[in-house]
Amino acid sequence: MARVQLDLPEKLAWSTSLNIRIYDTNFAGHLAHDRVVSLLHESRARLFKEKGFSELNVNGYGIILTDLVVEYKAEAFFGDQVRVEIGAGDFTTKGCDLYYRMIHTDGPINGKIVCNAKTGLVFMDYTTRTVSNIPEIFKSWF
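What counts, and where the lines are drawn
- Residues numbered from 1 in each chain as written.
- Predicted model: local features only at pLDDT ≥ 70, side-chain atom pairs only at ≥ 80, totals over all residues.
- Heavy atoms only, no water.
- Helix = DSSP H or I, 4+ residues; strand = E, 2+ residues; numbered from the N terminus.
- Rg over C-alpha atoms; globule rule 2.2 N^0.38 Å.
- Buried < 20%, exposed > 50% of the residue type's maximum accessible area, 1.4 Å probe, protein only.
- Contact = heavy atoms within 4.5 Å.
- Areas by Shrake-Rupley, 256 points an atom, 1.4 Å probe, with all protein chains shown as cover.
- Core = buried A, V, L, I, M, F, W, Y, C linked by side-chain atoms within 4.5 Å.
- Disulfide = S-S within 2.5 Å.
- Salt bridge = Lys/Arg side-chain N within 4 Å of Asp/Glu carboxyl O.
- Phe/Tyr/Trp six-rings, centres within 6.5 Å; stacked < 30°, edge-to-face > 60°.

Caption draft 1: The arrangement of the overall build of the chain in detail. On a plain count of helices and strands, the chain comes out with 2 helices and 6 strands. A globule of 142 residues ought to have a C-alpha radius of gyration of about 14 Å, and the chain, at 16 Å, matches this closely. Projected onto its principal axes, the C-alpha positions of the chain cover 45 × 35 × 30 Å. Within the chain, the proportion of its 142 residues that are buried is 42%. Within the chain, counting contacts between residues at least 6 apart in sequence, those at least 24 apart form 64% of the total. Accessible area for the chain stands at about 7900 Å²; split by element, carbon and sulfur atoms hold 52% of it.

Caption draft 2: Structural context of the nonpolar core. Ranked by internal contacts, the top residues of the largest apolar core, which has 29 residues, are Leu31, Met102 and Phe138. Among the secondary structure elements, those contributing two or more residues to this core are strand E1 (14-19), helix H1 (33-50), strand E2 (62-72), strand E3 (81-89), strand E4 (95-104) and strand E5 (113-125). Leaving out residues up to four positions away in the same chain, Phe138 has contacts with Phe48, Val58, Phe91, Cys96, Leu98 and Phe123.

Caption draft 3: View of the state of the cysteines. Scanning the entire structure with this criterion turns up 0 disulfides. Left without a disulfide partner, Cys115 is nearest to the cysteine sulfur of Cys96, which lies 18 Å away.

Caption draft 4: Quick peek at the pattern of salt bridges. In the structure shown here, the tally under the stated rule is 10 salt bridges. Salt-bridge contacts for Lys139 lead to Glu136; the nearest nitrogen and oxygen are separated by 3.4 Å. Of the two residues, Lys139 and Glu136 are both situated in helix H2 (residues 136-140); the distance of 3 residues between them amounts to about one turn of the helix. On the accessibility criterion, Lys139 (33% relative accessible area) is partly exposed. Residue Glu136 is classed as exposed on the basis of its relative accessible area, which comes to 56%. Overlapping salt bridges bring together Arg21, Asp24 and Arg35 as one network.

Caption draft 5: Highlighting the packing of aromatic side chains. Overall, the coordinates contain 7 aromatic pairs when judged by the stated rule. With centroids separated by 5.2 Å and ring planes inclined at 90 degrees, the aromatic side chains of Phe48 and Trp141 adopt a geometry described as edge-to-face. Taken together, the residues Phe48 in helix H1 and Trp141 in the segment after H2 connect sequence positions 93 residues apart. In terms of burial, Phe48 and Trp141 fall into one category: buried. Ring centres of Phe123 and Phe138 lie 5.0 Å apart, and the angle between their planes is 70 degrees; on these two criteria the pair is classed as edge-to-face. Note that Phe123 is positioned in strand E5 and Phe138 in helix H2, a separation of 15 residues in sequence. Three or more aromatic residues joined by ring pairs make a cluster, and in this case those are Phe48, Phe53, Phe123, Phe138, Trp141 and Phe142.

Written as structure tokens, this is what we have:
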């Protein structure tokens, strides 16, 4: 079986810190795959909020995710501290890819990558239900 391999940019423009909560873990006691997606979403929402916007409104346009790829690298456990870094690339007129790197920031595995991920996104005018151009302000974040 072929394994997914992501090529992330070396430097990602923005980051936030998170703690792994007990409800982020699964029956095996480590970070659950579905919670990884939720933590990436939390990080993306924090990015938009810090910039003064939301995922539904960047100068009148919202985002729609078109795809998701996660490449798991290491376990994380309840109480672990991680940093999620986010960057962007592969811009088109309508969308781009957001890249994520989740990294341990405490304990003996400080600096170890938990996962790399990518979401494709396009911008949408939710009033007309049509895909729109990327707002210039969004591009300036990266």
